[in-house]
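So you can see what is in the structure, the chains are spelled out below.
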Amino acid sequence: MLWESLMNFNYEKTKEISYELGIGEFYKYLPVVLMYRTMDSNKKIGENFTQEERKELRERNMVSLEKINNLMNALPPDMLFIIRASNLVAIHNRTLGGTSRERLLKFSDLVIENLHPNSISRVYYRTMFYVKLFLFESFQGVYSFFYK
């Protein structure tokens with residue numbers, strides 16, 4: 001559910017799930033740690049941080065050692081394992097010539113597959129996800145009209 005909320009840019013749901021997991025106020029860091037993007041980013045999935053985003057993170061004091069330490073202490077052990085495993089997958093993916101975008105979209109496909117075992121609902125949710133992603137990345141105005 002957490003990954004689905006991140007990939008659908010549903011940060012209210014991300015916040016709700018984070019509080020249930022005991023992460024609390026550190027939910028803001030999950031898109032940065034897991035998807036390399038800030039919550040207000042309009043860039044495509046898998047693109048590198050822009051200079052503006054790096055500057056924004058520093059100005060908001062979101063990347064200090066103290067904040068990162070507090071985040072790591074707040075995360076449940078299972079979540080730490082997921083982050084470490086995700087980073088290992090990212091390293092191997094990059095070594096083998098894959099992109100961050102391909103990896104993140106594959107993760108999303110696997111989440112949809114596991115959340116919707118019925119093949120008909122899986123096709124529906126996968127299609128809706130890719131339509132929503134296409135609108136977000138290509139037509140911000142249309143995306144905002146339908147989803148915000």
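Since we're looking at a predicted model, the values are computed, not measured.

J.: Just give me the short version of the overall build of the chain, but keep the residues and values in it.
T.: On a plain count of helices and strands, the chain comes out with 9 helices and 0 strands. Along its sequence from the N terminus, the chain presents helices and strands in the succession α-α-α-α-α-α-α-α-α. Taking 15 Å as the expected radius of gyration for a compact globule of 148 residues, we find that the chain reaches 16 Å, a close match to that expectation. With respect to the principal axes defined by its C-alpha atoms, the chain has extents near 45 × 35 × 35 Å. Contacts in the chain between residues at least 24 apart in sequence constitute 51% of all its contacts with a sequence separation of at least 6. A total of about 9200 Å² of accessible surface is found on the chain, and carbon and sulfur atoms cover 58% of it. Each charge class in the chain was averaged separately, 20 positive and 17 negative side chains, and the resulting centres sit 3 Å apart.

J.: Give a description of the layout of surface pockets that names residues and reports values.
T.: Estimated volume of the largest pocket: approximately 290 Å³. For the largest pocket, the full set of lining residues is Leu-2, Trp-3, Leu-21, Leu-34, Met-79, Ile-82, Ala-85, Ser-86, Val-89, Phe-107, Leu-110 and Val-111. At the level of elements, helix H1 (2-7), helix H6 (77-95) and helix H7 (100-115) are the ones that each hand at least two residues to the lining of the largest pocket. Here the lining of the largest pocket is composed, by residue class, of 11 nonpolar, 1 polar and no charged.

J.: Outline the packing of helix H8 (residues 119-138) against helix H9 (residues 140-147), listing residues and values.
T.: Orientation of H8 relative to H9, taken along the N-to-C sense of each, is 130 degrees, at an axis distance of 6 Å. Comparing the axis directions of H8 and H9 gives the class oblique. Mapping the contact onto sequence places Met-128, Lys-132, Leu-135, Phe-136 and Ser-138 in H8 and Gln-140, Val-142, Tyr-143 and Tyr-147 in H9. Classifying every residue of the contact of H8 with H9 gives 6 nonpolar, 2 polar and 1 charged.

J.: Could you give an account of H6, with specific residues and numbers?
T.: The periodicity of an α-helix, 3.6 residues per turn, causes residues three or four places apart in sequence to face the same way. For H6, with 19 residues, the first-to-last C-alpha span of 27 Å sits near the 27 Å given by 1.5 Å per residue. Of all the residues in H6, the buried ones are Met-79, Leu-80, Ile-83, Ser-86, Ala-90 and Asn-93. The buried residues of H6 all sit within an arc of 155 degrees when viewed along its axis, so they share a single face. Facing away from the buried surface of H6 by more than 90 degrees, the exposed residues are Pro-77, Asp-78, Phe-81, Arg-84, Leu-88, Ile-91 and Thr-95. Buried residues belonging to H6 abut H1, helix H3 (30-35), helix H5 (65-74) and H7. Of the residues one or two after H6, Gly-97 is the one with positive phi, at around 95 degrees.

J.: Outline the packing of H7 against H8, supporting the account with residue identities and numerical values.
T.: Following both chains from N to C, one finds H7 and H8 inclined at 145 degrees, their axes separated by 9 Å at the closest point. Helix-helix and strand crossings are classified by hand; for H7 and H8 the assignment is right-handed. Between H7 and H8, the contacting residues are Arg-101, Leu-105, Ser-108, Asp-109, Ile-112 and Glu-113 on the first element and Arg-122, Tyr-125, Arg-126, Phe-129, Tyr-130, Leu-133 and Glu-137 on the second. For the contact of H7 with H8, the residue count by class is 6 nonpolar, 1 polar and 6 charged.

Conventions adopted
- Residues numbered from 1 in each chain as written.
- Predicted model: local features only at pLDDT ≥ 70, side-chain atom pairs only at ≥ 80, totals over all residues.
- Heavy atoms only, no water.
- Helix = DSSP H or I, 4+ residues; strand = E, 2+ residues; numbered from the N terminus.
- Rg over C-alpha atoms; globule rule 2.2 N^0.38 Å.
- Contact = heavy atoms within 4.5 Å.
- Areas by Shrake-Rupley, 256 points an atom, 1.4 Å probe, with all protein chains shown as cover.
- Lys, Arg positive; Asp, Glu negative; His and termini not counted.
- Charge placed at Lys NZ, Arg CZ, Asp CG, Glu CD.
- 1 Å grid on protein atoms, 1.4 Å probe; cavity = no way out; pocket = protein on both sides within 12 Å on 5 of 7 lines; lining within 4 Å.
- Points joined across faces, edges and corners; volume = space filled by probe spheres on them.
- Nonpolar A, V, L, I, M, F, W, Y, C, P; charged D, E, K, R; others polar.
- Axes fitted to C-alpha atoms, helices over the stretch in contact; angles between N-to-C directions.
- Parallel < 35°, antiparallel > 145°, perpendicular 65-115°, else oblique.
- Expected span 1.5 Å × (residues − 1).
- Buried < 20%, exposed > 50% of the residue type's maximum accessible area, 1.4 Å probe, protein only.
- Arc of directions from axis to C-beta.
- Left-handed = near helix turned anticlockwise from the far one by under 90°.

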